[in-house]
Structure formats: structure tokens, C-alpha cells
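# Per-entry structural report
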Amino acid sequence: MATIFSRIVNGEIPCYKIAENEKCFAFLDINPLAKGHTLVIPKQETDYLFELDNELLAELSVFSKKVALAIDKAIPCKRVGVAVLGLEVPHAHIHLVPLQSEADISFSKPKLKLSQEEMEEIAARIRSFL
Ligand code: AMP
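This section reports on the structure supplied with the text. The structure displayed is predicted, hence computed values, not measured ones. (Residues numbered from 1 in each chain as written. Predicted model: local features only at pLDDT ≥ 70, side-chain atom pairs only at ≥ 80, totals over all residues. Heavy atoms only, no water.)

### Observations regarding helix 3 (residues 116–128)
Spanning 13 residues, helix 3 covers 18 Å between terminal C-alpha atoms, matching the ideal 18 Å at 1.5 Å per step. Within the sequence span of helix 3, burial applies to Met119, Ile122, Ala123 and Ile126. Buried residues along helix 3 cover an arc of 95° about the axis, so they all sit on one side. Facing away from the buried surface of helix 3 by more than 90 degrees, the exposed residues are Glu117, Glu121 and Ser128. In this fold, the buried residues of helix 3 make contact with strand 1 (17–20), strand 2 (24–28), strand 3 (38–42) and helix 2 (54–74). (Helix = DSSP H or I, 4+ residues; strand = E, 2+ residues; numbered from the N terminus. Expected span 1.5 Å × (residues − 1). Buried < 20%, exposed > 50% of the residue type's maximum accessible area, 1.4 Å probe, protein only. Arc of directions from axis to C-beta. Contact = heavy atoms within 4.5 Å.)

Here it is as C-alpha cells:
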């Protein structure tokens, strides 16, 4: 069965899309730690990030860099933090989280509750810097 992230890539489940190329896809995390919290995934279904082949991992890293630099410009932050967990969704992904402080990337803290309009606005703003 397709992962929830493959279903997002295939358009079966809606998302706040940020960017896409042939092999990679980026969209806002639905339960953000901070405004602009984005997930970057390979379209290929692989559970563990470090099981991707070198070429795809390199491509995903370069794609993440492009998205992170756009987040940096779109969202007031000191820098964009990077995390890899994968404890919930078995489809490799990189979390990009705009940081004001270390606490902003603590996954045990309560997630933000943002309206659909706010999420759309944030996604559009990040896209405008790509
Ligand atoms: P983890 O697998 O532990 O890295 O966490 C998975 C992340 O995916 C969590 O931060 C969720 O909020 C996020 N997530 C799960 N389902 C969706 C979805 N449909 N759209 C956007 N983000 C999601």
C-alpha cells in the first residue's frame, strides 16, 4: 500500500505544496513546530533516509538546500534547522524548521495550530522565493 506521502505526491491527499522536481517533493508539515516547517521527500518510496542510494540522497540534499534558502527568506528566523526522524511515517523525509532558538526544533513540544488560510499564505510566501 502506498505511503501517505506517496498519496500526497500523487495528488490523492491535499497538501500545502512548496516545490517539486522529477525525484523530490516538498510540502508544509501539517502539524508544524514553527511557521514554515516543511518536509522534503524523495518520490521513491523508501522508509529509511540512509537507505537511499547515494545519487538520490545527494539530489534530495541539494533540493532541500534550495527549499531551505527560500524558507530563510520567507520566514523571519535565525536559520533553518534540519532533522530526520521518520518514527511516524515510513517514507524518508527531511524536516526543515525555521529557528529562532533551539527549542523551536523540539519535537516533544506542542505543535502549532494554524488555519488553512495561514498555511496557504505561508506556502505561497515560501514559493515566491524559489
Ligand atoms: P516523523 O515520521 O516522526 O518524522 O514525523 C512525520 C511528520 O509528518 C510529522 O511531523 C507529521 O506532522 C507529518 N505529517 C503526517 N501526515 C502529514 C500530512 N498528511 N501532511 C503533512 N505532514 C504530515
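### Digging into the environment of Ala123
In this structure, Ala123 sits in helix 3. Note on Ala123: relative accessible area 1%, which makes it buried. For the pair Ala123 and Asp53, spaced 70 residues apart in sequence, the C-alpha to C-alpha distance is 29 Å. Once residues within four sequence positions are removed from consideration, Ala123 is found in contact with Tyr16, Lys17, Ile18 and Leu28.

### Details of the nonpolar core
In this structure, Ile18, Leu28, Val67, Leu96 and Ile126 are the most contacted members of the largest nonpolar core, which totals 27 residues. Secondary structure elements with two or more residues in this core: strand 1, strand 2, helix 2, strand 5 (94–99) and helix 3. The dominant element in this core, judged by the number of residues it contributes, is helix 2, at eight residues. Once residues lying within four places of it in the same chain are set aside, the contact partners of Leu96 are Gly36, His37, Thr38, Val40, Ser64, Val67, Ala68, Ile71, Val80, Gly81 and Val82. Of all hydrophobic cores here, the second largest spans eight residues; its members include Phe25, Leu39, Ile41 and Val89. (Core = buried A, V, L, I, M, F, W, Y, C linked by side-chain atoms within 4.5 Å.)

### Considerations on the site of the ligand
Every one of the 16 residues lining the ligand counts as a neighbour, but Asp29, Glu88, Val89, His93 and His95 are closest to it. Glu88 has a polar backbone atom sitting 2.9 Å from an oxygen atom of the ligand. His93 is positioned such that a nitrogen or oxygen atom in its side chain is 2.5 Å from an oxygen atom of the ligand. Protein contacts shield 90% of the accessible area of the ligand, which totals 510 Å² for the unbound molecule. Ranked by residue count, the leading element in the shell around the ligand is helix 1 (residues 4–9), at three residues. (Near = heavy atom within 4 Å. Polar contact = N/O pair within 3.5 Å; in protein donor to acceptor, adjacent residues only side chain to side chain. Areas by Shrake-Rupley, 256 points an atom, 1.4 Å probe, with all protein chains shown as cover.)

### A closer look at the environment of Leu56
Mapped onto the fold, Leu56 is located in helix 2. Overall, Leu56 belongs to the buried group, its relative accessible area being 7%. For the pair Leu56 and Lys23, spaced 33 residues apart in the sequence, the C-alpha separation amounts to 7.8 Å. The contacts of Leu56, once residues within four sequence positions are left out, are Lys23, Pro42 and Gln44.

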